[in-house]
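Letter by letter, the chains look like this.
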Amino acid sequence: MRMSLSATDEDRPFRAWWRYRAPWALLILSLLLGVGAWRITADLVQRSHEQRFALETRQIESQLRARVTANIQVLRGALGLLRAAERVTRDECGRARHEARVRAEAPSQPEALRPLFRDYAVHPPGERPLLTAIVYLEPFASRNLRAFGYDMFSEPVRREAMERARDTGEPALSGKVTLVQETDTDVQPGFLVFLPVYRPGPAATVEQRRGRLAGFVYSPLRAHDLMRGTFGHGSGDVRFAVYDGESANPDTLLFANAEPSPLANPLRRRQRMQIAGHTWTVAYETLPGFGSRGDILLPGLVGLASLCIGALVYGVALSWARTRDRALRMAQRMTADLRRSEAEAKLLSQRLAESNEDLQQFAYAASHDLKEPLRTISSSLGLVSRRFGERLDDSGREFLNYAMEGARRLAELVEQLLEYSRVQTQPAVLKPLDLGEAVQTAMDDLGALIRETGARIEYARLPQVTADFQQMTQVFQNLFSNAIKYSRGPGRTPQVRVSAEPGAHGWTIRVQDNGIGIAPEHHDRIFGMFKRLHPREEYEGSGMGLAVCKRIVQRHGGSIWVESEPGKGATFCFTLPTADSERRAA
């Protein structure tokens, strides 16, 4: 792409902005990525809270159901006591310690108790088609005496549950009532559980069950005492309110473990429960203690880290764009000067060389200066992990690890870019070199990788060339590590062979492996900066190794290429001048 700049462009804001469109695009993209990372993390934290909320509400429901079921089992025990004896005395009932009450068979039973209890009477008074009265109850003292002789069938809510138990033969839960045992202090809502008692004989139909009904075993329950005995006195981090019936309004409230949540948008759930033929509605909502502080901070931290990295990339891109513009402007001025005077050509060439050198120095300085803010970001993320790691759930720690891994990869890319810049900015020490020494040094540097993979690297006697020892070692090290990386696998042993062939202007060095090979259409592409043919999940790397090799070889006056087909390994070839030819040229 060609770009033409003129002095008047600086007075045109739109054109100036258009020249820097790439950095601005990177900035906008980084903002979008930061917002996206924040939104994704926030959604994951929200889903985690919803799953935990659903689990806790199911546990509350299970505990409620289990507690009422336990009371029903107590009633079944009392029913067994009644069936085991022809007549149960009060002493036997007291020794059994069942909290049970039995409806009288007929008004004659309360009359039979009068010799024992002179003040005994059925209440409330009045004439009714069917009179029932409580005759057995434990403990037979204190507030329980208020219920002695009470005709439960006279009250509509109790009567509905008693009729349902009588007709079905199953336990029946009543609606919300105020128990007759209540006093003037600590008055609580209550409810009752009834279990019918039948005389011996068939009770398969409703008519038979009504005809053989002998009474009821029942349990009166104070709602607050029952719930606190089940869940304790603490409110926890989830509020639940139990309502009688299918609607949730203050008149039907049985129990609430806390005041309504002060949160603006708490998680809420409403559920209907069928217990012993009766419906309860339970409303749940989260309280301020639900969720850790780390859960609240995590989305912001992830978004902030993404924005910091994006802003860093924007700054580098903007600096590169401005340096490129300065270089292009200088090149244009140099071209104009060349047309006016050939005498000034050498000066202009010198300025162009200085501009290129400045550009190389800038690349080196920019890469070097990036390391410090990256180190700050990595340290900050590590500090977040140490201080808040224990407060985060699994998904939170996973996303924090993603951010730390991203910072690590960016640091690796900056290091590779710095290495790439050093090839041009640092002077090369060109002198006669035995390539075998560079190969052996590269193998020593990769000793751990070679031992781990069992790789075999072979080379015969290699020629002497004119080259920089450190840079040649780096070329072989990059080629060997690539060969091992793409040749390893289950049942495969990486094999690398280094050879040399003489040519008209020097030597051709060949590094051959038994790896996965490279398709012809990618032969030129792989030598570009940050060019990768495979996802990072399959093969690690930054995509800079071959670009560094190409730059080193070109700086030595040679060229590099690859010969390969998929599945048949790859051979990387590069040329170098011989020591003799270099001396002759000198």
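The structure displayed is predicted, hence computed values, not measured ones.

Conventions and cut-offs
- Residues numbered from 1 in each chain as written.
- Predicted model: local features only at pLDDT ≥ 70, side-chain atom pairs only at ≥ 80, totals over all residues.
- Heavy atoms only, no water.
- Helix = DSSP H or I, 4+ residues; strand = E, 2+ residues; numbered from the N terminus.
- Buried < 20%, exposed > 50% of the residue type's maximum accessible area, 1.4 Å probe, protein only.
- Contact = heavy atoms within 4.5 Å.
- Areas by Shrake-Rupley, 256 points an atom, 1.4 Å probe, with all protein chains shown as cover.
- Pairing = 2+ DSSP bridges.
- Axes fitted to C-alpha atoms, helices over the stretch in contact; angles between N-to-C directions.
- Polar contact = N/O pair within 3.5 Å; in protein donor to acceptor, adjacent residues only side chain to side chain.
- 1 Å grid on protein atoms, 1.4 Å probe; cavity = no way out; pocket = protein on both sides within 12 Å on 5 of 7 lines; lining within 4 Å.
- Points joined across faces, edges and corners; volume = space filled by probe spheres on them.
- Core = buried A, V, L, I, M, F, W, Y, C linked by side-chain atoms within 4.5 Å.
- Salt bridge = Lys/Arg side-chain N within 4 Å of Asp/Glu carboxyl O.
- Patch = residues over 30% accessible without salt bridge, like charges linked within 9 Å, V, L, I, M, F, W, Y side chains within 5 Å.
- Parallel < 35°, antiparallel > 145°, perpendicular 65-115°, else oblique.
- Left-handed = near helix turned anticlockwise from the far one by under 90°.
- Nonpolar A, V, L, I, M, F, W, Y, C, P; charged D, E, K, R; others polar.
- pLDDT = per-residue confidence, 0-100.

1. Let's talk about the overall build of the protein
And then number 1: When helices and strands are tallied, the protein shows 15 helices and 14 strands.
And then number 2: Classification of the 586 residues of the protein by burial places 44% in the buried group.
And then number 3: For the protein, restricting intrachain contacts to residue pairs at least 6 apart in sequence, the fraction spanning at least 24 positions comes to 67%.
And then number 4: Carbon and sulfur atoms make up 53% of the accessible area of the protein, which amounts to about 32,000 Å² in all.

2. Quick word on the sheet that holds strand E9 (residues 456–459)
The strands making up a sheet are joined through hydrogen bonds of the backbone, oriented either antiparallel or parallel.
And then number 1: Across the sheet, which stays open at both edges, the 5 strands sit in the order E9-E11-E12-E14-E13 with mixed pairing between neighbours. Only two strands of the sheet have a single partner each, and these edge strands are E9 and strand E13 (560–564). Each neighbouring strand pair of the sheet contributes to a mean axis angle of 20°, computed without reference to strand direction.
And then number 2: Looking at chain direction, E13 and strand E14 (residues 570–576) are connected through 5 bridges and run antiparallel. Bridge pairing in E14 links Val-562 to Phe-572.
And then number 3: Helix-sheet contacts for helix H11 (residues 435–445) involve E9, strand E11 (495–502), strand E12 (507–513) and E14, and the interaxial angle to E9 is about 170°.

3. Quick look at the side chain of Asp-237
And then number 1: As for its position among the elements, Asp-237 is in the loop between helix H7 (223–231) and strand E4 (238–244).
And then number 2: According to the relative accessible area criterion, Asp-237 is buried, its value standing at 16%.
And then number 3: Of note is the side chain of Asp-237, whose polar atom sits 2.4 Å from the side chain of Arg-52.

4. Here's the deal with empty space enclosed by the protein
And then number 1: Applying the stated criterion across every chain, the model contains 2 cavities of 30 Å³ or more.
And then number 2: Reported here for the second largest cavity is a volume of approximately 40 Å³.
And then number 3: Lining the second largest cavity, in full, are Ile-134, Tyr-150, Met-152, Arg-158, Leu-179, Val-180, Gln-181, Leu-192, Tyr-218 and Pro-220.

5. Describing the nonpolar core
And then number 1: By size, the foremost hydrophobic cluster in this structure holds 38 residues, and its most contacted members are Met-472, Phe-476, Phe-480, Phe-572 and Phe-574.
And then number 2: Of all elements in the fold, only H11, strand E10 (464–467), helix H13 (469–485), E11, E12, helix H14 (545–555), E13 and E14 reach the threshold of two or more residues within this core.
And then number 3: Counting residues per element, this core draws most heavily on H13, at 7 residues.
And then number 4: If we ignore the near neighbours within four places in the chain, the residues touching Phe-574 are Met-472, Val-475, Phe-476, Leu-479, Trp-507, Thr-508, Ile-509, Val-553, Ser-559, Ile-560 and Trp-561.
And then number 5: Membership of the second largest hydrophobic core comes to 32 residues, among which are Ile-60, Val-68, Phe-191 and Val-197.

6. Describing the pairing of E14
And then number 1: The buried fraction of E14 is high, at 6 of 7 residues.
And then number 2: Where E12 meets E14, 6 bridges bridge the pair, whose relative direction is antiparallel. Its bridge partner lying in E14, Ile-509 is registered against Phe-574.
And then number 3: Between E13 and E14, which pair antiparallel in sequence order, lie 5 residues; one of them, Gly-567, sits at a positive phi of approximately 85°.

7. Focus on the pattern of salt bridges
And then number 1: Counting across every chain of the model gives 18 salt bridges.
And then number 2: Residue Arg-39 pairs with Asp-43 through a salt bridge whose shortest N-O separation is 2.6 Å. With Arg-39 and Asp-43 both in helix H2 (residues 21–84) and 4 residues apart, the pair spans about one turn of that helix.
And then number 3: With a relative accessible area of 40%, Arg-39 lands in the partly exposed category.
And then number 4: Note that Arg-497 and Glu-458 form a salt bridge whose closest N and O atoms lie 3.8 Å from each other. Of this pair, Arg-497 sits in strand E11 while Glu-458 sits in strand E9, and the two are 39 residues apart along the sequence.
And then number 5: Taking relative accessible area as the criterion, Glu-458 reaches 35% and is therefore assigned partly exposed.
And then number 6: A single network of salt bridges, built from pairs that share partners, joins Glu-182, Asp-186, Arg-222 and Asp-225.

8. Some remarks on the environment of Arg-239
And then number 1: Position of Arg-239 among the secondary structure elements: in strand E4.
And then number 2: Considering only alpha carbons, one finds Arg-239 and Ala-283, 44 residues apart in sequence, at a separation of 8.1 Å.
And then number 3: Look past the residues within four positions of Arg-239 in its chain and what remains in contact with it is Ala-256, Asn-257, Ala-258, Glu-259, Pro-260, Ser-261, Ala-283, Tyr-284, Glu-285 and Leu-287.
And then number 4: Here Glu-259 takes part through its backbone oxygen, which lies 3.2 Å from a polar atom of the side chain of Arg-239.

9. A short note on a nonpolar patch on the surface
And then number 1: Residues Leu-26, Leu-29, Leu-33 and Val-313 make up a contiguous nonpolar surface patch of about 320 Å² in total accessible area.
And then number 2: The element that contributes the greatest number of residues to the nonpolar patch is H2, accounting for 3 residues.

10. Here we look at the sheet that holds strand E3 (residues 213–222)
And then number 1: With antiparallel pairing, 3 strands are arranged side by side in an open sheet as E1-E2-E3. Because the sheet does not close on itself, it has two edges, and the strands there are strand E1 (172–173) and E3.
And then number 2: Two elements, strand E2 (residues 190–198) and E3, share 9 bridges in a ladder whose sense is antiparallel. Within E3, the position partnered with Val-193 by the bridge is Ser-219.
And then number 3: Strand contacts of helix H5 (residues 156–168): E1, E2 and E3, with the helix running at about 35° to E2, the strand carrying the most contacts.

11. Notes on unusual backbone geometry
And then number 1: Of note in this structure, Asp-186 is not a glycine but carries a positive phi near 50°.
And then number 2: Relative to the elements of secondary structure, Asp-186 occurs in the loop between E1 and E2.
And then number 3: Phi at Ala-276 is positive, roughly 50°, even though this residue is not glycine.

12. A closer look at the packing of H11 against H13
And then number 1: H13 packs onto H11 with a crossing angle of 55° between their chain directions and a minimal axis gap of 8 Å. With respect to H13, the axis of H11 lies oblique. Our pair here, H11 against H13, has a crossing hand that is right-handed. Along its contact with H11, which presents Leu-435, Glu-437, Ala-438, Val-439, Thr-441, Ala-442, Met-443 and Asp-445, the element H13 presents Phe-469, Met-472, Thr-473, Phe-476, Gln-477 and Phe-480.
And then number 2: Classifying every residue of the contact of H11 with H13 gives 9 nonpolar, 3 polar and 2 charged.

13. Observations concerning the confidence of the model for the protein
And then number 1: Across the protein, the average pLDDT comes to 77, with 72% of residues at or above 70.
And then number 2: Within the protein, no element has a lower average pLDDT than helix H4 (residues 108–113), which sits at 42, and none a higher one than E1, at 95.
And then number 3: The low-confidence segment residues 1–11, where pLDDT is below 50, has 19 contacts with residues more than four positions distant or belonging to other chains.
And then number 4: In this model, residues 581–586 is a region of pLDDT below 50 whose contacts with residues beyond four sequence positions or in other chains number 4 contacts.

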